[in-house]
Amino acid sequence: MKTVIVRPERCVGCLQCRLACAVEHSQSKDLVAALGEAWRPVARIAVYPGGRHLSFPNKCRHCDPAPCEAVCIAGAIRRNPARGTTDIDPARCINCGMCAMACPFGVLTFAPTPQAPERRAVALKCDHCPDRQAQGRPPACVEACKVGALTYGEPAHALAEKARWLARTFFAAPPPPEPVPETIRLWRHLG
Amino acid sequence: MRYVIIGTSAAGLAGAETLRRLAPQARITLISDESHLPYSRPLLMYLLGRETTREKLFLRSPDYFREWGFETLLGTPVTRVDPGAREVHLADGRALPYDRLLIASGAKPRLPPIPGLELSGVFTLRHLADVERLERHLAQARRVAVVGAGAVGLKAADALAHRGLAVDLLARGAQPLSKVLDQVSARLLMEAIARLGISLHLNSWPTAVVGNGGRVTALALNDGRELPTDAVLFSVGVAPRVEFLASTTLAAPEGIPVDEHLQTGDPDIFAAGDCVLPRHLLTGAPAAFHIWPAAVAQGEVAGANLAGAARRYDGILPMNSISLRGCRIITGGHLTPDTPEGEIFEELDATTGRFKRLVFDQGRLVGATLVGEVRHAGIYFRLIANRTPVKDLPVDPRSPHFHPGRLWARPLPGAA
């Protein structure tokens, strides 16, 4: 099952993923129109400074089994096996905050959403952009990422890649990880 | 193998579903004294506040029992368990044999020993039928008194105020949630309570419910005052439902004692949820704490162990999320350190009302309270549960830089 793979070592902290995420989860899915909407669109991915010029895109890992699903008193968080996601149903969410208490990655946001107009706020997090998926497009954050810090692919492939790199370190001094492109290196020099 | 599960709420269902996954062919019978489909008890407050609907209470589909292959005996209370004969006796006179039994009978609301409890207009809120009774009474009520300012009482007061009723909330101590909240968080909570228009009475408890013509008219308080009211809702805690174990040696008044496998004194009987007395995750001491997520976690362990999995239950870490309109608090673990070397860190942002309070003991985080901004609560609780030494963390939890970036973004060796 494809998922969003995060490579923090490539992230430059440009926040374009946040902008794309917020726009994708607006009613119009258009940046300019979204600014005037009654529900201010909210990004479901956060980017934190990570020290040493690194930044860290933090989003829902779609755990299976998911701690948030186990604690949800409203039955609003369910596993979607067909999409490989752990989804929140805004129509059922009662904004109790239990999921934030359980999530070991700190990815939940609470805000109003047009999907549940009668509520003051509901729990929001990454949903792997179902509307885009239906059109065969990758999630908005992946499309927006210019440095390959967010890619959409099979986690097994990413794991195998990392495992091969680690395995080599048993026999030799660790080779450098995949080279960071010159553009990223230069950008960091600016900072 | 014939499995019987008493109780169809959080722990009973989690147990039954885990058991079914491990024992696809087993005969599993669920017993409940309620005849509804399984529903979420914590949601009853939200139903009362009209923040959810009756149909959204039900967590499973109408075909649930059939889909999972569970036999059910709904609306049939259990009167006695006979561990010698391995039988569960039901109120209708039947005796149900079992090979392995899971007791997930839950808890019942406590009531204080005061006169006037038989009056019309005295309520507790635990079952769906309680909400229906309360709803009928509220049609002619204007003032409601909520006795007990714990998590349930606070949410009930919020729900009733949301419906436009005049609400008096009685707290026995000098602050609400006195067992789990520090003074600063309690002050922020009390400010939120005042903003909701709820009248909070501190150091107050009722000495009698006063009535006229069989109906509640007032509450007599400890300080001699008489508080006029049309209804009284008691939320002064719960007691485990273990009456049907009176003829056995399985139960204690504080709950059913269990070992780390949630096994009772009888090797074929397991127990989970609000009816048990589990161990505290950090101290190992018996700790009764009634919360839905813990009941689910215990149900999963007990269900697996019914099938012989020998899974361990690590213990309960008390924690809760208090979400009122305009105020969110997540708190858990220890309120104060156990040893004199312990330390408390507090950081209040007076302009935003955000507050962070951490309790450290013996080099480890043992308690956390977050008010306002709670999105990283689960990270703190994971550190508490894992007993991670603070010195092993890439960033100190007291630091403003304690966030996912500093915790998890670490350059690979050799990277620029």
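Presented here is an overview of the structure given in this document.

Scoring rules and cut-offs
- Residues numbered from 1 in each chain as written.
- Chains lettered and ligands numbered in written order.
- Predicted model: local features only at pLDDT ≥ 70, side-chain atom pairs only at ≥ 80, totals over all residues.
- Heavy atoms only, no water.
- Phe/Tyr/Trp six-rings, centres within 6.5 Å; stacked < 30°, edge-to-face > 60°.
- Helix = DSSP H or I, 4+ residues; strand = E, 2+ residues; numbered from the N terminus.
- Buried < 20%, exposed > 50% of the residue type's maximum accessible area, 1.4 Å probe, protein only.
- Lys NZ or Arg CZ within 6 Å of the ring centre and 35° of its normal.
- Contact = heavy atoms within 4.5 Å.
- Buried area = accessible area lost by both parts, 1.4 Å probe.
- Salt bridge = Lys/Arg side-chain N within 4 Å of Asp/Glu carboxyl O.
- Polar contact = N/O pair within 3.5 Å; in protein donor to acceptor, adjacent residues only side chain to side chain.
- Nonpolar A, V, L, I, M, F, W, Y, C, P; charged D, E, K, R; others polar.

Turning our eyes to something else, we now look at the packing of aromatic side chains. Taken as a whole and judged by the stated rule, the model has eight aromatic pairs over all chains. Pairing A:Phe56 with B:Trp408 gives two aromatic rings, centres 6.2 Å apart and planes at 55°, and the pair type is tilted. Within this pair, whereas A:Phe56 is found in strand S3 (residues 54–58), its partner B:Trp408 is found in helix H10 (residues 404–408), the two belonging to separate chains. The exposure class of B:Trp408 is partly exposed, given its relative accessible area of 30%. Note on B:Trp68 and B:Phe70: the rings are 6.0 Å apart at their centroids and 20° apart in plane angle, and the pair reads as stacked. By relative accessible area, which is 6% here, B:Phe70 ends up buried. An aromatic cluster is defined as three or more aromatic residues linked by ring pairs; in this entry it consists of B:Tyr64, B:Phe65, B:Trp68 and B:Phe70. A cation over a ring is seen here: A:Arg61 above A:Phe105, with NZ or CZ 3.9 Å from the ring centre. Positioned over the ring face of A:Phe110 is B:Arg328, at 4.1 Å from the centre of the ring.

With 43 residues of chain A at the contact, the number on the chain B side is 41 residues. The junction of chain A with chain B conceals about 3,500 Å² of combined surface from both sides, 61% of it contributed by carbon and sulfur atoms. Per-residue buried area on chain A facing chain B is highest for A:Ile73, A:Met101 and A:Arg120; these three make up 19% of the total on that side. Taken together, the connections running from chain A to chain B amount to one salt bridge. Here B:Glu51 ties to A:Arg120 by a salt bridge, and the two come within 3.6 Å at their closest N and O atoms. Where chain A touches chain B, the interface holds eleven residue pairs in polar contact (both at pLDDT 80 or more). Listed by contribution, the elements that provide at least two residues to the side of chain A that touches chain B are strand S2 (46–51), S3, helix H3 (67–71), helix H4 (98–102), strand S6 (109–111) and helix H7 (155–168) of chain A. For the side of chain A that touches chain B, the element with the highest residue contribution is S2(A), accounting for five residues. When grouped by side-chain class, the residues that make up the side of chain A that touches chain B number 26 nonpolar, nine polar and eight charged.

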